Amino acid sequence: MTFSSLARRGAALLAFSSLATPSAAQTSFTASVGRALSSFAESATESRQNTAGSVQAEQRAAGGRLRLFYSLDAGSYATEGDWSYALHNAGATWRFGGARPEGKASPTSVFAGGSFSWRSNGSSWSAADYRGVGLFANLQRQMSPSSTFRVGYRFDARDFPDSSQLDQHEHDVFASFLASFPTRTTLIVEAHAGAKDYRGGLVAAGVPGAIVAAPVTPHGGRGQGGMGPAFRPTTTKIERTPGALSGQVTVLGRIAQSLADRTGVTLQYTRRASFGDLPSVLVTTPAVFFEDGIYDDPFASRVHVVRATAKHVRPGGLEVELVGLWMGKDYRGARALDLDGLELLRGELREDRVWRSGAGVSIPLLPKKTGPVGLALDADYWFTRHRSNDLFYNYRSHRLGLGLTVTY
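No experiment lies behind these values; they were computed from the predicted model shown.

Here is what the cut-offs are and how they apply
Residue numbers here run from 1 along each chain, matching the order of that chain's written sequence. In view of the model being predicted, local features appear only for residues whose pLDDT reaches at least 70, and side-chain atom pairs are presented and counted only at 80 or more, with totals across whole chains, interfaces and linings using the full set of residues. Side-chain measures were taken over the full set of non-hydrogen atoms in the model, leaving aside hydrogen atoms and water. Per the convention used, a helix needs a DSSP run of H or I reaching at least four residues, while a strand needs a run of E reaching at least two, with both numbered from the N terminus. Burial classes: relative accessible area under 20% of the type maximum marks a residue as buried, over 50% as exposed, and values in between as partly exposed (1.4 Å probe, protein chains only). By definition, residues are in contact when any of their heavy atoms lie within 4.5 Å. The protein chains shown are the only cover counted for residues, whose accessible areas, like all others here, come from Shrake-Rupley with a 1.4 Å probe. Confidence scores per residue from the predictor, reported as pLDDT, run from 0 to 100. We define a nonpolar core as any set of buried Ala, Val, Leu, Ile, Met, Phe, Trp, Tyr and Cys residues linked to one another through side-chain atoms lying within 4.5 Å. For two strands to be treated as a pair, DSSP must find no fewer than two bridges joining them. Classification of ring pairs uses Phe, Tyr and Trp, with its six-membered ring standing for Trp, and accepts pairs whose centres are within 6.5 Å; under 30 degrees between planes counts as stacked, over 60 as edge-to-face, and the remaining range as tilted. Polar contact criterion, stated in full: a pair of N or O atoms within 3.5 Å, where within protein one must be able to donate a hydrogen and the other to accept it, and residues adjacent in sequence count only if both atoms are side-chain atoms. Like-charged residues are merged into a patch within 9 Å and nonpolar side chains (Val, Leu, Ile, Met, Phe, Trp, Tyr) within 5 Å, provided each residue has over 30% relative accessible area and no salt bridge. Salt bridges, as used here, are contacts in which a Lys or Arg side-chain nitrogen is within 4 Å of a carboxyl oxygen on Asp or Glu.

**Regarding the overall build of the chain**
When its secondary structure is counted, the chain shows one helix and 20 strands. The buried share of the chain, reckoned over its 408 residues, is 40%. A separation threshold of at least 6 residues defines the contact pool for the chain, and within that pool the share at least 24 residues apart is 63%. A total of about 20,000 Å² of accessible surface is found on the chain, and carbon and sulfur atoms cover 61% of it.

**Overview of the confidence of the model for the chain**
Mean pLDDT for the chain: 83, with 80% of residues reaching 70 or above. Scored below 50 in pLDDT, residues 204-229 makes 81 contacts in the model with residues more than four places away or belonging to other chains. Between residues 237-241, whose pLDDT stays under 50, and residues either more than four places distant or in other chains, the model counts 14 contacts.

**Topic: the nonpolar core**
Within soluble globular proteins, side chains that are nonpolar generally end up buried alongside one another. Tyr77, Trp125, Phe160, Leu166, Phe231, Val283 and Tyr295 are the most contacted members of the largest nonpolar core, which has 15 residues in total. Setting aside chain neighbours within four positions, we find Phe160 in contact with Ala128, Asp129, Tyr130, Leu166, Asp167, Gln168, Ile294 and Tyr295. Counting residues in each nonpolar core, the second largest holds eight residues, with Phe29, Val55, Ala57 and Ala74 among its members.

**Points about the pairing of strand S8 (residues 168-181)**
The sheet contact formed by strand S7 (residues 147-159) and S8 spans 12 bridges and is antiparallel. Along S8, the bridge assignment pairs Arg154 with Asp172. Here S8 runs beside strand S9 (residues 185-198); their pairing, made up of 14 bridges, is antiparallel. Residue pairing for S9: Ala175 is matched across the bridge by Ala191. Hairpin geometry of S8 and S9 is characterised by an intervening segment of three residues between the two adjacent antiparallel strands and by a positive phi of about 65° at Arg184.

**Looking at the packing of aromatic side chains**
For the coordinates displayed, the defined rule picks out 10 aromatic pairs. Here the aromatic rings of Tyr77 and Tyr85 are separated by 5.7 Å at their centres, their planes lie at 35°, and the arrangement is tilted. In this structure, Tyr77 and Tyr85 share a single accessibility class: buried. Between Tyr77 and Trp125 the ring centres are 6.3 Å apart and the planes differ by 85°, which places this aromatic pair in the edge-to-face class.

**Observations concerning the side chain of Ser176**
Tracing the chain through its elements places Ser176 in strand S8. Judged by relative accessible area, Ser176 falls into the buried class, the value being 8%.

**Overview of the side chain of Arg385**
Mapped onto the secondary structure, Arg385 falls in strand S19 (residues 374-388). Of the polar contacts made by the side chain of Arg385, one reaches the backbone oxygen of Tyr395; its length is 3.0 Å.

**Quick word on a nonpolar patch on the surface**
A cluster of nonpolar residues, Trp94, Phe96, Val110, Leu139, Met143, Phe149, Val151 and Phe177, forms a patch on the protein surface that exposes about 650 Å² of accessible area. Considering the arrangement of structural elements, one finds Val110 in strand S5 (residues 108-121).

**Topic: unusual backbone geometry**
The phi angle of most residues is negative, glycine excepted, and most peptide bonds adopt the trans form. Even without being glycine, Arg184 reaches a positive phi, approximately 65°. Among the structural elements, Arg184 can be located in the loop between S8 and S9. For Glu291, which is not glycine, the phi dihedral falls at a positive 50°. Structurally, Glu291 can be placed in the loop between strand S15 (281-283) and strand S16 (301-313).

**Looking at the environment of Leu166**
With respect to the helices, strands and loops of the structure, Leu166 is situated in the loop between S7 and S8. Through-space distance from the C-alpha of Leu166 to that of Asp197 is 9.7 Å; in sequence the pair is 31 residues apart. With near-sequence residues (within four places) excluded, Leu166 lies in contact with Phe160, Phe231, Val281 and Val283.

**A few points about the pattern of salt bridges**
In total, this model carries 16 salt bridges according to the counting rule given. Note that Asp156 is salt-bridged to Arg154, the shortest N-O span being 2.8 Å. A residue is classified by how much of its surface remains accessible, and Arg154, at 29% relative accessible area, is partly exposed. The partner of Asp380 in a salt bridge is Arg399, and the shortest N-O contact between them spans 3.0 Å.

**Details of the pairing of S9**
Where S9 meets strand S12 (residues 246-260), 12 bridges bridge the pair, whose relative direction is antiparallel. Residue Leu187 lies in a different strand from S12, and its bridge partner there is Ile255.

**A look at the environment of Gln56**
Tracing the chain through its elements places Gln56 in strand S2 (residues 45-61). Residue classification places Gln56 among the partly exposed positions, given a relative accessible area of 48%. For Gln56 and Asp73, which are 17 residues apart along the polypeptide, the C-alpha to C-alpha distance reads 8.7 Å. Ignoring any residue separated from it by four or fewer positions in sequence, one finds Gln56 in contact with Ser28, Phe29, Thr30, Tyr70 and Ser71.

**Section: the environment of Phe116**
Inspection of the secondary structure puts Phe116 in strand S5. Judged by its relative accessible area of 43%, Phe116 is partly exposed. Between the C-alpha atoms of Phe116 and Gly132, which are 16 residues apart in sequence, the distance is 5.7 Å. For Phe116, the contacting residues outside a window of four places in its chain are His88, Asn89, Ala90, Arg131, Gly132 and Val133.

Following this line, the structure appears as structure tokens:
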């Protein structure tokens, strides 16, 4: 996906939005494109280039109450094979409530809306293409000048045209609380409870039995960290019970501390517990692909993550960020495989331990000459150590990337 095609898609959406809303509406637009060189090493060494591009467009109207949005995320992964992808997402949000009679802003706002998503993948995982529709409603309450409470609900229905066993309905409710302190410290606590119904087929979790029959699409070669069949069956007994559900509960805590006017650090901990039924198969994912919420299915594993960041912004707009992350993930129904795609003799479930560290810099280009348009040169480096008893996902990775971002 080239930068020009990304820009054309975003420009077309903005043109449509401007026809449907008053000229006084606020428009924003961001497009970025990047190229990276990734190397993998463990039992084999490989270096490959991959690309990534994104477009985000937003239109606000009706006094800021209506928000129309569109995003495109496209690119490819460096794992051997065609792991390209394009994910479109478009929708609208309406904010209910307004100013009080005395002209002061209401401390309570309600947001409701919907979105449509469409994902298409390269040949290595084209069987997992999907279409999705989502509806959501959130309530936000300003408890005090320094604290905010939010609660909400979201429903998603996803259809996989070539893999009906993955069709799903997902529900999510959440609550979060944000508090700021005079020490320039911000605390966020958030909890989610979710349920998912796999319309195309369910299996009962934790029940030993034969491998569930599932379509298998071989790939042309192993590649490091993620090749194998397009789908990996869960090794549990078939139990298709109408209305049966998989569930998960996630809690998150984040503390952010400002060290100076333009320097801050954050520390975040996330813990997810999942239970209940499982899909009959899981989608094979490429190397350095983590926690997307759909393919790396959160209802199929239990996880805890620690993430730390430090960010500094120079007066001229230059940004520098450092990131460190550790993740432990235990799968509930996926057996660990050897390099031939066969279950290990001991039959243990897959367990992953991931360490990631990275550094990035964003450098403004010609800030005094571009007017309302912003240009930035982005560079980053990521190191990943993925340890797993599943040998497809046991690797080290170095990634060096360079990109350009345009904002309006």
